[in-house]
Every structure is written in C-alpha cells, then in structure tokens.
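Take a look at the letters that make up each chain.
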Amino acid sequence: SKNGIASISADEIGIEDGPASCSARVACFGLDGDCCPTTDGVRLNCCDAFDHSISGIYFTVVTVDGLKWRLYASSYIQFKHIGLPNAVGHYIGYEIHAAAGAFESEEHHKWRGVLRIAHIPDIAENGQNQGSRLAVDILDKHAYVYPIASNIEWSTMPDDELQAILDFHFAVKRIGKDDIDTPDQDLIQHQSHDFGEFIPKNKEHKKNTNHRSQYETARRDLLLLALPHHVAVLQVDPQIDIPIQKSPFTCVKGDLTYVKGSTWRMLEGLTAIEFSAPRRATPSMLNPTQSALKKDVLSLPPIGAFDEHKLAKLTSSYGSGKRATQLALLALACNSLNLIDEAKKAAETTLRALNPWLDPDYISSLLVYDKSYGGIVTKTGLENIQADFGQGWYNDHHFHYGYHLFAAACVLHILGPHSLTSTQKAALAAMLGDVATEIPKTIPGKRTIRRGNAPNQNYFPVARHKDFYEGHSWASGLFEMPMGKNQESSSEATHCYYGVSLLGVATNDYELRDWGRLLLAMEMRAARYYWHVSGFNRYPEPFGSNVVVSIIGGNLLSSQTFFGTNKLFAILVNSMPFTPISEDLLTPPRYIHKCVEQAVAELPSLHDDDDPALSSWRALLLQLVAITDPTQAFSVIIALSMANPPPQLDQTQSIGSMLYWVATRPDPGFLNFFDDDTYTDYAPSHAPTTASRRAEMGEPMCAAHDRCLKYGLNNGNCCPTEANVMLWCCHALQ
C-alpha cells in the first residue's frame, strides 16, 4: 500500500507450521537441535523474539486504508521493515527474507517461493465479524493449491449442434513440502469430456502413484471465483463435494461464487439464426416492403460512379464497413423476399464497397500486417495513433472488421463462392484471423488437428478481443486505461461474431460456423448480464435507474458514450446494427419495452425532424420500437420514405431494410408474458416462437419438457425453477 501498512500479524497456524530447528530462528541462531518446539514439546521464547521483523507462514495484513488481506507463504519467511516509520507510525514497505538457517544465500538472506494474497471481506453477521472469519477459513483451506496455466477446449454436443461445450482446464501447483508440478499445456491431453480425466500423461507421473494421488487432491481443492454469467451455465463436477458455493466477494459486475476443481464445464446454447429472420414477413407489410426495397436498389450508384478506393480511405475501416453492411442488409432483405435480381445487384454493389479492403497490392492496399503484435491494421492508423479511432493501436478491431466480415459473408451467400478471387479470399481470411483466430474444435476420442484453411495462430492471437473468462470482448487496444480495458458497444461486438458464424455458413465451414456461434453466444450472454440493467444485476445509482450501462471496464461502469451522456445514445449504441441476430441479443421483449420508454423520453417525437443532428438516432430508435410496436414503427418509416428531402439514416440503414426488419418482428403480444423481476435468462432462437409454444410454458415441471428430460432433469420444476429461472430446455424457449 502506497500509504503504508498499518499492521502485519503472523497467525498461530503459521508459527506451528514453521521450522522447529533453532537455526531457523533469528533469536535462537547458534543453538543446536530443535527450539520451536524442543524435542520435549517446549517452545523457547527465542522462537518469536525478532528484531523489527515478523515471522510465519500465514499472515493477516491491514493497510492504512483499513483493508484486510490474507497472505500465505510456501515456506517460513520474515518481514523486515524498510526505513523508518512515517509520522503516524506506519512503515511504507517491508522486505521479505528467508528464515535464518533456510537462506538460499547466507550473504543476502534471499528467499524464493510462492506468495499468495487475498482480500478479506469485511462482513458483519449478527453484530459480529463471523462472516469474515468464515471467509478466512475457506481461503486457508484452499491456499496451498494455485493455478499456473489454463487451457480452453470447446466442442458441440454430438446429438445437438445447437449446444456447445466450453471447458476451462487449469493446471495447478501445490505449495509446501509436497509441492507438485503439473505438465505444461502442450502435455495436457484430454481423452474424453468426462470429469476427472484431467491427469498428467508423462511416464514419471504414471509411475508415482503417490504423486498422482496428491495431484488429484490438489486438482479438486483448487478454489476460484466465478462471475454471475458463469453460474447460469456451469456444470458441476460430480466428484467434488459442494463444488459451487456462495462467496462474500463482489466485483463491479456483481457477486462472485466459489468454484472448486480444476475443470470448469459450461453448456452454451447456440443460435440457429443465419442470414434471414426466423419468421416470414407480416402479410400486410409485405408489398410496401418489397416496393421500398426495389426503390432502394434502383437508387444504388452504377459501376464506376465514384472512386471506391478513395471513398473507403476517406471513411475509414469503420465507416466503410458500416456502408458495406448497409448494402449487405439490403441484399439480404431482397433475397429473403425472393427479389432475386435486386438481391444480386445489391450484393454486387456490396462487393465493390469491400474491394478496397481486400486489395492484395501493398502500394494501394489500405491494410497491412503488423509483425510487432501480429495483426491487420490500417496504414493510416499505423502512422497516426489517433486515426481511425485508434485502429492502428488495435482499438475496436472487432467493431471495424465485424462489419466487413458480415458483408463478405452476405456476398458469398448470394453470389456464391466464386464471387471472390483467391487473393480476395486470402485477404478476407487475414481479416478474419485478426479478430477470430480459432481454438481447434475438440472431438471426443480423436486427436485435435488444426484445419488447413483456419487462421494460423503463428500470425494472430486467438480471438484477439475476446476475454474468455469475462465472456465478452474488450474494445481497447494498446492504450493505457486507468480503470482497465473497456468496451462500449456490446451490440457491435455481437455483430462481429455473427459475421464470423455467417462466413462459416457461406463457405460450408461448419467448424468456423460453430466457433463463431460460440463466440457470439458468450458475447450476448455477457451483454445481457452486464450491459443490460435488468433482473441479472443490481447496479447502484445512477445505473440502477438506467436500462443500459454505456461502458464497462475492468473496474468501471460508465453512463458516458462517445457521443455524449444522453440515455438515448447509450441504448442505441448497444443495439445497433439491427440484423437478424439482434432478436437474440435484444431480449426479453419486456426489457426492450423499458428501453423504448426511456429512449423515447429522451427523444419525444418519432415523427418530427426538428433537430437534424438527431435524425439518424431517430431512425435507429424506430427499429428498436419495432420490437414492442411494429405497427407504429412501420407507419412512421413509411412516412419517412416520402419525406423531401429524405431523412438522414444511420450508415447501416436503408428504408427497405428497415421495413423488412419491422415486418419480420414477432407478435408484440408476447410482451406481456414475461416479468423482468423474475426472468433471469433467455435462450437463443432455435425456431420461431408460436402461440402454442407460449401456452406450453404453463407447465413448470421438468418432466413435461422433452429437452429437459434428455439432459437428465427428471424431477422438480424447470420452466421456471423454484428460483424463477427459465432453463434453456423449456419448450417455449426452443
């Protein structure tokens, strides 16, 4: 602590576990044999007589700010004061030394070992500090086992491709006299997905059964903390007693949960949404939508109307990507409504917008490979740290390239695999590798082999922006952030991984599709838990009265956006762009109803365009309104289409694609079904929701739902549970 340490005390458990030899204690040095205690069990007073030092293995440290900490050493150590105390008697720092007689070097009294430190929460129960004591007891019990490395594996269920298995494997060490070491990551092989198979495979460990037993104990005794979004999908290890337990620890994202064991398994539901909305357009809205789409396509610029390369450079990788997505959404809407010629023309225009970013010629190319950090960056961003939103320093790559990946997937879907040249495909693969390089899929019983066409980890990090523990991505790149890395737009991060999954669909690369779906599912779950202020979280004010947190950082919640503090900005920045996948992110509908109410309050009139600066925000808001009132949104967009001059839309929008979005929204009567106070999770779209399926929700028993039975949930209530949690296996959420 920069303000000083108020006190350090060694607990009795540390003294009793310390070395007994006289030579190990400063004040006993020179005596022979054992002093602490003697062979007769007498503890000499020299054992604890130290000059300006504190000795032990377990310590309680109190810093001047009043925080308490638990410190553990792998062997007996001494704390010695550095310098003189400050004005109030606190020492600014301490040195750590080995106990006398245990020095690595008698001259320097060096100590080498493992130190672990944990915060002791201040919990008062019944007027006493019993809660803190219980926390210390749990920490003490698990202090000797710690993780040294981790490995991530993923796969899909053999009989259900819409269920992904995500495993976190932690290699562990055990401190103390029975110190053991697990093999490096490249030696950790898992022959099956059964719990209890995380065993070292080298010959020494096989021969040493005692070592193996110690390792098994350490493996099960590893104690870590899970975030709220983990707990909802975590599958417990049946071999561990009380594997999950409420903890007193909290963080900016909420309460943390103790998890025991060195393997975490999570089951994540994957979306079935691909290029189209999961339902047909409302019949009464079909003709006006088709007419608007045809009009939009007719207004597209002809080939050679302007210099695409110059426009791309001017609008940056972000703005240009949004324009490509606008054209791609227009093409998709036409394709979904069987306007084949229009879809083809819009897709060809999309490809022309993408061409400058897929140019393999270094002289004219807008993108280059950065060898320092292994990534694709803009030339402009590499030369100017502030250009392109800091893209050259790796800010927002998944936002920027997500738009390009989505647009390219739509082109391939509509125009076919030969619409891109081999060099363009190679450039696209590099862009994909920058933000979504894969961890190879694990197939039980088979050796994992990297596919030849997968992005190479030799050139790119795995899923650059994704934090697999936090579930979501971080948008900030190499810039220093006082409150840790952060991310503003959870919806644009979602859009990136949606684009990755669609590229897999368009190229018949099912492993890439599933990888993208997994990244997508994690991003959406984290967004619903942490960005959306609903039943998942209980944020303090001013966030508690908002519906969205604008920016989340490592130790930060913020209501500020890049555009300002208006709540409308925060809501829409975490909603755009509106694509088929948006309905899996923007759920449940009753929560979106609250978002609309708050956003409309910030922008009272949907019809009047009295403030041109808000015109594009009004257009985005209409697509959000469509979730709760598609009829109103449709009529307002029709009116906008007749305005002269035409309204300013967001870069991702056209009138036709907006109408297609509205026309394919589900029945708003669904709104009244859910109550945000009890609804705590939402499954991805596996099929269109119908009135008959909603009616089935009335049966809460697990046995009434085939999917719940399939996964062994035979007894009790699932839909919802007694804690009002709607499990993903419920009929109405499939």
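Residues numbered from 1 in each chain as written. Predicted model: local features only at pLDDT ≥ 70, side-chain atom pairs only at ≥ 80, totals over all residues. Heavy atoms only, no water.

**Side note on the packing of helix H12 (residues 490-506) against helix H13 (residues 510-531)**
- Running from N to C, H12 and H13 point in directions that differ by 165°, and their axes come no closer than 7 Å. In terms of orientation, H12 and H13 fall into the roughly antiparallel class. Crossing of H12 over H13 shows left-handed handedness. Contacts between H12 and H13 involve Ser490, Ala493, Thr494, Tyr497, Tyr498, Val500, Ser501, Leu503, Gly504 and Val505 from the former and Leu512, Arg513, Gly516, Arg517, Leu519, Leu520, Glu523, Met524, Ala527 and Trp531 from the latter.
- In the contact of H12 with H13, the residues fall into twelve nonpolar, five polar and three charged. (Axes fitted to C-alpha atoms, helices over the stretch in contact; angles between N-to-C directions. Helix = DSSP H or I, 4+ residues; strand = E, 2+ residues; numbered from the N terminus. Parallel < 35°, antiparallel > 145°, perpendicular 65-115°, else oblique. Left-handed = near helix turned anticlockwise from the far one by under 90°. Contact = heavy atoms within 4.5 Å. Nonpolar A, V, L, I, M, F, W, Y, C, P; charged D, E, K, R; others polar.)

**Details of helix H16 (residues 589-602)**
- Compared with the 20 Å implied by 1.5 Å per residue over 14 residues, the 20 Å span of H16 between its first and last C-alpha is a close match.
- Within H16, burial applies to Pro589, Tyr591, Ile592, Cys595, Val596, Gln598 and Ala599. (Expected span 1.5 Å × (residues − 1). Buried < 20%, exposed > 50% of the residue type's maximum accessible area, 1.4 Å probe, protein only.)

**Structural notes on the confidence of the model for the protein chain**
- Here the protein chain averages 81 in pLDDT, and 74% of its residues register 70 or above.
- Scored below 50 in pLDDT, residues 672-680 shows 24 contacts in the model against residues more than four places distant or in partner chains. (pLDDT = per-residue confidence, 0-100.)

**Section: a nonpolar patch on the surface**
- The grouping of Tyr373, Ile385, Trp393 and Leu478 at the surface amounts to a nonpolar patch, some 360 Å² of accessible area in total.
- With respect to the helices and strands, the residue Tyr373 is situated in the loop between strand S14 (367-370) and strand S15 (375-378). (Patch = residues over 30% accessible without salt bridge, like charges linked within 9 Å, V, L, I, M, F, W, Y side chains within 5 Å. Areas by Shrake-Rupley, 256 points an atom, 1.4 Å probe, with all protein chains shown as cover. Salt bridge = Lys/Arg side-chain N within 4 Å of Asp/Glu carboxyl O.)

**So, the packing of aromatic side chains**
- The full count for this structure, using the stated rule, is 21 aromatic pairs.
- Considering the side-chain rings of Tyr58 and Tyr72, the 5.0 Å spacing of their centres and the 85° angle between planes classify their relative orientation as edge-to-face. With Tyr58 in strand S2 (residues 53-63) and Tyr72 in strand S3 (residues 68-82), this pair connects stretches of sequence that are 14 residues apart.
- The exposure class assigned to Tyr72 is buried, which follows from its relative accessible area of 4%.
- Between Arg665 and the ring centre of Trp661, over which it is positioned, the NZ or CZ distance is 3.7 Å. (Phe/Tyr/Trp six-rings, centres within 6.5 Å; stacked < 30°, edge-to-face > 60°. Lys NZ or Arg CZ within 6 Å of the ring centre and 35° of its normal.)

**Re the environment of Gly553**
- Take Gly553: it is sitting in strand S17 (residues 551-553).
- Residue Gly553 is classed as buried on the basis of its relative accessible area of 1%.
- Along the sequence, Gly553 and Pro482 sit 71 residues apart, while their C-alpha atoms lie 9.6 Å from each other.
- With sequence-adjacent residues up to four places away left out, Gly553 is seen in contact with Val252, Trp474, Met483, Lys485 and Asn486.

**Here's the deal with the sheet that holds strand S16 (residues 486-487)**
- With antiparallel pairing, the three strands of this open sheet are ordered in space as S16-S17-S18. Each edge of the sheet is formed by a strand with only one pairing partner; in this case those strands are S16 and strand S18 (556-558).
- In the sheet, S17 pairs with S18 via three bridges, with the strands oriented antiparallel. Bridging across to S18, Ile552 finds its partner in Leu557. (Pairing = 2+ DSSP bridges.)

**Overview of the pairing of strand S12 (residues 254-260)**
- Burial analysis of S12 places five of its seven residues in the buried class, the great majority of the element.
- Across four bridges, the pairing between strand S9 (residues 223-226) and S12 is antiparallel. What sits directly across from Leu224, in S12, is Val259.
- The sheet contact formed by strand S11 (residues 244-251) and S12 spans five bridges and is antiparallel. Bridging across to S12, Lys246 finds its partner in Thr257.
- Between S11 and the antiparallel strand that follows it, S12, lie two residues.

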